Every structure is written in structure tokens, then in C-alpha cells.
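Structure assessment
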There are 2 protein chains.
Amino acid sequence: MNSPIAAQHLLPATAPRPVSAAFLDALVARFGAQCSQSLAVREQHGRDEGALQAPPPAAVVFAESTQDVADAVKLASEYEVPVIPYGAGSSIEGHLLAVQGGISLDVSRMNRVLSVNAEDLTVTVQPGLSRKQLNEAVRDTGLFFPIDPGADASIGGMTATRASGTNAVRYGTMRENVLALEVVTASGEVIRTGTRAKKSSAGYDLTRLMVGSEGTLGIITEVTVRLYPLPEAVSAAVCSFPSIEAAVRTVIQTIQLGVPIARVELLDANSVRMVNNYSKTTLREEPMLLMEFHGTPASVKEQAETVQDIASEFGGQSFEWASTPEERTRLWTARHNAYFAAVSSVPGCRAISTDTCVPISRLADCLLDSITEADASGIPYFLVGHVGDGNFHFGYLLDPTQPEQAEKAETLNHQLVNRALRLGGTCTGEHGIGLHKMDFLVDETGTGAIDMMRAIKRALDPKNILNPGKIFTL
Amino acid sequence: MNSPIAAQHLLPATAPRPVSAAFLDALVARFGAQCSQSLAVREQHGRDEGALQAPPPAAVVFAESTQDVADAVKLASEYEVPVIPYGAGSSIEGHLLAVQGGISLDVSRMNRVLSVNAEDLTVTVQPGLSRKQLNEAVRDTGLFFPIDPGADASIGGMTATRASGTNAVRYGTMRENVLALEVVTASGEVIRTGTRAKKSSAGYDLTRLMVGSEGTLGIITEVTVRLYPLPEAVSAAVCSFPSIEAAVRTVIQTIQLGVPIARVELLDANSVRMVNNYSKTTLREEPMLLMEFHGTPASVKEQAETVQDIASEFGGQSFEWASTPEERTRLWTARHNAYFAAVSSVPGCRAISTDTCVPISRLADCLLDSITEADASGIPYFLVGHVGDGNFHFGYLLDPTQPEQAEKAETLNHQLVNRALRLGGTCTGEHGIGLHKMDFLVDETGTGAIDMMRAIKRALDPKNILNPGKIFTL
């Protein structure tokens, strides 16, 4: 699964800047055992879960405090060396690759919960804490953190990529759920953005500027996010459909009616088959919606009845309920393992995932044409989606011994992105731009907006040391 | 109500830049009758609803298209003349004052609805459209635009100040509800930010950077916002309480329980008395909550019962229901007229409004101490608040013949802001910084964050022509 394929696609243009012995000496002098130059550690930090590859960073610093981050950045600034922040390593668009050399700044040891403010439904954490660790830490308060990108990503990384996932249809994305940040700037200064107040009109929204900036404008050292009361009642259900179109039309109508559904995930028949094999489930191998309803018992019942009515209009069959926590966990674990189920279904394969998102009214159009193209390509694929938001992922399962497949998959992705943009959508709903989607970003926003992003980058990071070479070329 | 008082406070430091005859000639040549240099028009555009005053702009251009805006900005850039965008003129922190001279760019004629996408719950409008005009235009679709700052503000102005209001507790603010923008940059280029997709991780969040930038980073020429299905059932109620503390504790518990209340407004006894006089209502002259519930009939009933239970725990009396649209409109009109009711209660007075917002758990602390101070001051005042968000406004009613009152009121505001900041809040929940709160912004965010804002401003507007002198000093 890790063998390099179609090198011409997977090796982005690299232009490593020199990292002097003097810089590395200064780093070791400051960080001692917190700094590693071992090849294994560097290689582990120089890749992500995506397919792109590049030579590893020159060193890895394990930060244990904001001061550590500030000191590392100050040194990097002095020697003009790139710094790439690293959380859980679960990004997939090449965010972590040292395409211009430099060091990886690993914040995974900064994983403390700093303060829980249960009465205000907020919590402040260090960036290396994972979303599962966060939910474990607040479990006793009756609150939870809903953003769920599948992977057990770090809160800092989720902030930096504006992550979302299965609950976003009801609870929003990191954009809506980050209230305040502590950030180390390119000069190594520590600043704060936002407050714990629920709303504010106080100056430029630096918090939202940092959310989704992929480590290129500052390094996040504290994050304050919203929590939500655990719903009084939760109910999950699966429903099979005669076609993907029928499933999608059910979702569109549900959203248009304003039903506050908490999760609504599409799995195509391929995905269901792979999940059944991998997770030993016995789901009907047809297009399927996996849904969850949150609320009071009465409201959950009402929501579910509404969606059942809509589903049956579109030929949906056998609403199957999972009301116990164990059943629900089994279903959602199976959903979250869909990616691993898929890659294990084709031994030795490597997956490339798309990430388009379109206005809900265009979802059927965008999906159906792309399915036709994917079917015609002959490449094994699976399709899953956070369809309540109009966001879905094709996963193409590439055989490393057939490099032309990578080419074909990139062409399919290109066609898909073009289609999504024509329909008023975006090239990335939740994965970010990284290295992989820089051209798509230009197509999406136009050069005027990219020039504005570049101007901001140059103003905030004049030496171009913060994760350089990502999102856009300078 | 418009007489200048306490001039030392109300005349901000002005440093008008020269506006050459050549520039004005060029403006007239391009815009003809769309350009006015009459004193009355200039004076009307050189003030807002707040108390600050400054000499008027040199001219007013009435833009009728994006091209008009771009051309005006290009001329202003060429001659390095300030440009102040003008929508409905309803801001209150000095946003519209020509403290560095220049021209006012009035976009109120750009008031068309460009496209309604009812299936996606989005609408794209020109910036001069007012929120009431917008709701009128989408009425037939069964959808509505919830953001409601009281005044019939323009959508462009609401975007630029990150406005919110009574519905924000459920539907969010302009931050959450603006999806995409068309913006004219400082060089007169037209760019687009965002798409109609519900979520995206595509590069820097330029949309959110523009939202709340108060005209200092670009001039908004198109806005795409979210709409919501008109709730199947709506129910409004008033409830009186023995004390403000009791009312506030009811709100805190309601929010902490996760009740999706759509509106929950606090009025103190002063406000209720003023409203009764002005709107001929017969509300009990005690601290009062004015609430609204949206949802299905069952869900509205359930929410209301929960809140009634909480209210009665805190001594709330006589939940009075307004279930017909007419009764609801009467109540909310009375609420929205509270400001006018207040200023008309003290003939010839001028109101200064505070705008702090704190985490909900600190709301009672923040409010009660501030009420003690306001009572001790002897200045007539009223208190209203979007308390579900922790946001409230003291309105001090100043007698122009007693200039020391303005001094006292500024001191009270200062104490209130300091208290809010100590409690983790913000100096402005929804009005913006403008000229009036520039010092408070430094107290709130620290110089590091302000320096980052300054760097962004310099990068995007190197000649400092877009609404210069607002939010921070350069």
C-alpha cells in the first residue's frame, strides 16, 4: 500500500532550501533530545496519508510547549529554514511534505486539555490532542465535540485544514466551531485571536483566517472550540435504495425541508460490499444511507418519521434501526473503516480520494455523471459521502504495477472537479489544498483571489518559512 | 437628538487628505449626475446613527453597478483619495465618518436580488438591498433570512460589520451566514471569494476576512447568504421576572440545556416602561424576557414547556403567548423600537449604546455589577440584550446641556468593557469597532493581533484608501 507509483504524478516539484549545520547545531543546543535527525523519524514526518512523496525534512522537533514552538520558529526565521507543523499525520493532500526542505515541528506531545468551561459549552486544548482524546476528556460533563473527520486527527490539524466530517450537516465544520486560538507567528511571536464570547465584531476575523490556512500563516498552539450537550436521544438507521439517485434525492428533500438530521452518509454498493467483507457486517449490498438523529425523544421520533416518509417515496427499503449505543458504534465504526475496507479489498493497492462539494440541488447531477465516468474507467472504486452537505469522496484503488491507472484516476478527478466548479461547488469540501489541489484552487477562485491570498502570505510570513509551497505558488 | 455634545469626545482626530480639483473633475466626468457635491448630501453621508461627528466627505458617488464601484476605486487609487462605502447609514460606531477626508461611495442603488436558489437555501444580492427588502423578495419561496440587527440595515453593511441581532442565538451571525462575496479590491480589481457550496477547505477564508472588515479591505459588491425554511410553527411569549438576575439565570439554563430557542431578548424595567409609552403596549413594567420558538408544532410545544419550567424555578410569572402573526409582529416591533422609545423618553437626548458580549456563564456577573454602576451614575439608561448569546446593550440617554454626562457615560462604558474582557468577552458583539472602540480593540486582542491586522491592511490596501482610520491606527 505504500509503494510509489506513477512517480511523475507523485513527486511534486521540490526545491529544498539549504539547511546549514549551524542551524541544526542551534536546534540541538536548544532542544536536545526533543530534536531528532534519525532517518526513520524524519521519513515518518515527511509524508501523510496521501499518495504524494518528497524527500524528508532535515530534522524533527518535538515541541512540548508554546515556548518550544516559538523558539523553534525564531531559530527557523533567523536561518530562513522552512517549518512544517505536524499533528497526527492524517492529512492526505501532501500538507506535510518538505517540498522546500526544512524541519518538521511535531506538536503531538502538546496534547493537554487546558480548561473545560462546561457552563459555556467551550473547551480550550493544545493542538496535539486528538478528537477522540478530547471526547474522552469531556465525557463526564455531558458534552461532546461533534467534528468527526473519520481519522483520529489532532485538533490543531483539523483547525489548520478546516476539517469537518459526518456530523457537519448539523453541527458545522471547524470554521463554525473554533472560537479562539493562540498562534505563533512567522517571527516567533505569540498572539491570541478571538475570545470565548459566542460572537464578536471586534476587528478582522484572524481566527477564521487561521482556520484552513494549512500551517502557512502561523502555528496553532491553543484552540478553543465549542462543545454541545450530548443529545437526550440518539437514533441511527440504515436504509437501502434501488439507486444512488434515489438515495440522493431522499437527502436533498430532507435538507430542503429543514430536518435537523445529525448525520446522513451515502455508501454506494461497492462500499457496502467492502465494508461487509472488512467489518463482518451483513448490510444489504445496495446504495445505502446511514443516518443519525439527535434531539429529545419526541423530536428524534418526528425527524425519523419525516425521513422515512421521504425515503419510501424514493423506493427506500427496510429502515433498520440501531438504537443501542453498541449497535450504533458498530455501524459508525464500519463507516469510518470504509477507507481501510476499500484499500484492503484490492491487495497492494493505493487509494486516491476526491473531495468535491456542491450545492445540494446539484448533488445528483454531479454524482451521477461522475459515476458513469468512473464505471467506464475500469478502475476499482468506492464512493462515500457526507451528502447532507453536498460533499462526497470517490476513492480510486490503484494497482501500483499499472502506472497508467494513476493517470486515469487523475483525469477522472479533474473531470469531477471541473464538473463541481461548473455547478457552483468547490474542489475540496474538507481535505484542503495542500500540494495536490493547487491548480484546482486557481480554477475555483480565479487569480484575483489567489493574488489576495499571496499578498496576505507575504505580509505575514515575509521569509516564506511557514509550510512553504502549499496552497499556492508564491 | 442631533445636537453635538461633549465635543472633546465626539470629534475624533481628523486628518483630511487633500482632494484635488483634478480628482473631482475626473469623478464628475465619469459619473455625471451620479456624483454629488452638495453639502446636504455630503453631510448626510458623513455621519451615522452614533454620536461621533467629523467634517463631511468631499463628494458622494452613487454606484449603480460593480463597474461603477471598480471605476470609482480606481480613480481614488490613482489620486490616493479615501473611499468610504455607504449602505443604509445605520452603523453607530463612526464607521461612515470621513476622518481622513475623501469620498463616500453610496451603494444603496445596488439593491437587486441577483438570484434566488431556493433548493439550496441560498440567495445572491447586491449590497444595497436591505434585510427587509430581502425578506420581502424571498417571501414566496417559503424561506427567510433570519439576521435581524433591528435597523433595516443593508446586506452589504451587515456583512461589513459582522452584524447579528435577535435571531443569532439560533441562526448565527453574518459570520456563519455569508457564503460568498464579490469584492472590489483597493486597486479596483473585482474578485470573488467562496462558492455556494455549504462548506469548503479551499485556501484562505477570504470571505470571513471580508466579513467584519468594515470597508477597510475591499468594497462588497455582491453577497451570497443562506436562507432558512420558514418554520412550520412559531410561537412567541413574554415572561416577567422579579429581578434581572432571575431572567438571566433562566436564559443561562435554557442555553446550557441546548434548547434551540430562536430568540430570547432581555428588557429591563426601564426599557419596558419606555416601550409601553412609545408603542402603547401594556407590558408588566418589570424585567422581561421576550422569546420566540421555531420548529414543528410538537417541537415548539416541547421547547416552550422546557423554558416555562426553567422560568418558574426562577420566579418567572405569567408566560403570555402571542401565537398569531399579528400579535408577534406587534411585540417584535415594540422590541425593535426600544431604542427610539428610549430616546423619545428624554426629549432632546442623545443615546450612547454599549455592545459587550461575554460567555453565557459570566452574563449575570457582568450585567449585575454594571447595573449597579449605571444606577449610581444618575444618568437615565435602558438595558436590552440578545442574552442567549451573552450580548447586551446599555443605552445611556445623555442631556446635551450637561456635557459631563457624556464623560460619565464613557467612563461607565469603559468599566463595562474592562469587566467583559476580564470575563473572557469582547468589547463588541455586533456593532463593530469603527472609530469609537479602537482603544478597546487593543485591550481585547493585544498588540500582536493588531499588528497582524495592520500587516494585512497594508498588504491589501497599500495606499490606505479604503475607509482609512477605522478599526486601528496604521
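What counts, and at which threshold
Residues numbered from 1 in each chain as written. Chains lettered and ligands numbered in written order. Predicted model: local features only at pLDDT ≥ 70, side-chain atom pairs only at ≥ 80, totals over all residues. Heavy atoms only, no water. UniProt positions renumbered as here; feature names shortened; annotations may be inferred. Phe/Tyr/Trp six-rings, centres within 6.5 Å; stacked < 30°, edge-to-face > 60°. Helix = DSSP H or I, 4+ residues; strand = E, 2+ residues; numbered from the N terminus. Buried < 20%, exposed > 50% of the residue type's maximum accessible area, 1.4 Å probe, protein only. Pairing = 2+ DSSP bridges. Core = buried A, V, L, I, M, F, W, Y, C linked by side-chain atoms within 4.5 Å. Contact = heavy atoms within 4.5 Å. Least-squares fit on C-alpha atoms with pLDDT ≥ 70 in both. Buried area = accessible area lost by both parts, 1.4 Å probe. Salt bridge = Lys/Arg side-chain N within 4 Å of Asp/Glu carboxyl O. Polar contact = N/O pair within 3.5 Å; in protein donor to acceptor, adjacent residues only side chain to side chain. Nonpolar A, V, L, I, M, F, W, Y, C, P; charged D, E, K, R; others polar.

With an unreviewed UniProt entry as reference, chain A is termed D-lactate dehydrogenase (cytochrome), source organism Comamonas antarctica. UniProt annotates chain A under Sequence similarities (unreviewed entry) with the comment "Belongs to the FAD-binding oxidoreductase/transferase type 4 family."

1. What to know about the packing of aromatic side chains
All names here are of chain B. For the structure shown, the criterion picks out 20 aromatic pairs over all chains. Considering the side-chain rings of Phe-293 and Trp-321, the 6.3 Å spacing of their centres and the 45° angle between planes classify their relative orientation as tilted. Taken together, the residues span a long stretch of sequence, with Phe-293 in strand E14 (residues 288-295) and Trp-321 in strand E15 (residues 317-322) at a distance of 28 residues. Residue classification places Phe-293 among the buried residues on the basis of a relative accessible area of 0%.

2. Structural notes on the pairing of strand E16 (residues 350-353) of chain B
Residues and elements named next belong to chain B. Residues Arg-350 and Ile-352 of E16 are buried on one face, and the alternating residues Ala-351 and Ser-353, pointing to the opposite face, are buried as well. One ladder, built from 4 bridges, connects E16 with strand E18 (residues 391-398); its direction is antiparallel. Directly across from Ile-352, in E18, lies its bridge partner Tyr-396.

3. Concerning the nonpolar core
Note on soluble globular proteins: their nonpolar side chains tend to be buried together. If you look at the biggest cluster of nonpolar residues, it comprises 102 residues, and the most contacted ones within it are Met-174 and Ile-456 of chain A together with Met-174 and Ile-456 of chain B. Setting aside chain neighbours within four positions, we find Met-174 of chain A in contact with Phe-145, Ile-147, Ile-155, Met-158, Thr-159, Arg-162, Ala-163, Val-211 and Val-225 of chain A.

4. What about the pairing of strand E12 (residues 233-240) of chain A?
Residues and elements named next belong to chain A. The element E12 is largely enclosed, with a buried count of 7 among its 8 residues. Bridging between E12 and strand E14 (residues 288-295) involves 8 bridges; their strand directions are antiparallel. Its bridge partner lying in E14, Ala-237 is registered against Met-291. As defined by bridge partners, E12 adjoins strand E15 (residues 317-322) across 4 bridges and the pair is classed as antiparallel. Looking at E15, one finds that Val-238 is bridged to Glu-320.

5. Examining the relation of the copies chain B and chain A
With an RMSD of 0.0 Å, chain B superimposes on chain A once it is rotated by 180° and translated 0.0 Å along the axis. Considering both components of the superposition, the chain copies are consistent with a two-fold axis. Taken as a fraction of all interface residues of chain B, those also at the interface in chain A reach 100%, which identifies the copy contact as same-surface.

6. Concerning the side chain of Ser-91 of chain A
Take Ser-91 of chain A: it is sitting in the loop between strand E3 (83-86) and strand E4 (103-106). Excluding its chain neighbours within four sequence positions, the residues that come into contact with Ser-91 of chain A are Asp-48, Glu-49, Gly-50 and Leu-96 of chain A.

7. So, the interface of chain B and chain A
Residue-level contacts link 77 residues of chain B with 77 residues of chain A. Buried area between chain B and chain A, summed over both chains or domains, comes out near 6100 Å², and the portion from carbon and sulfur atoms is 58%. Area buried by chain B at its contact with chain A is led by Lys-199, Ser-201 and Tyr-204 of chain B, which between them contribute 16% of it. Taken together, the connections running from chain B to chain A amount to 6 salt bridges. A salt bridge links Lys-198 of chain B to Asp-389 of chain A, with the nearest nitrogen and oxygen atoms 2.7 Å apart. Where chain B packs against chain A, one counts 36 residue pairs in polar contact (both at pLDDT 80 or more). Within the residue set of the side of chain B that touches chain A, elements represented by two or more residues are helix H7 (168-171), helix H8 (174-177), strand E9 (190-193), helix H9 (206-210), helix H10 (244-256), helix H12 (297-313) and helix H17 (438-460) of chain B. Counting residues per element, the side of chain B that touches chain A draws most heavily on H17 of chain B, at 12 residues. Class assignment for the residues of the side of chain B that touches chain A results in 30 nonpolar, 28 polar and 19 charged.

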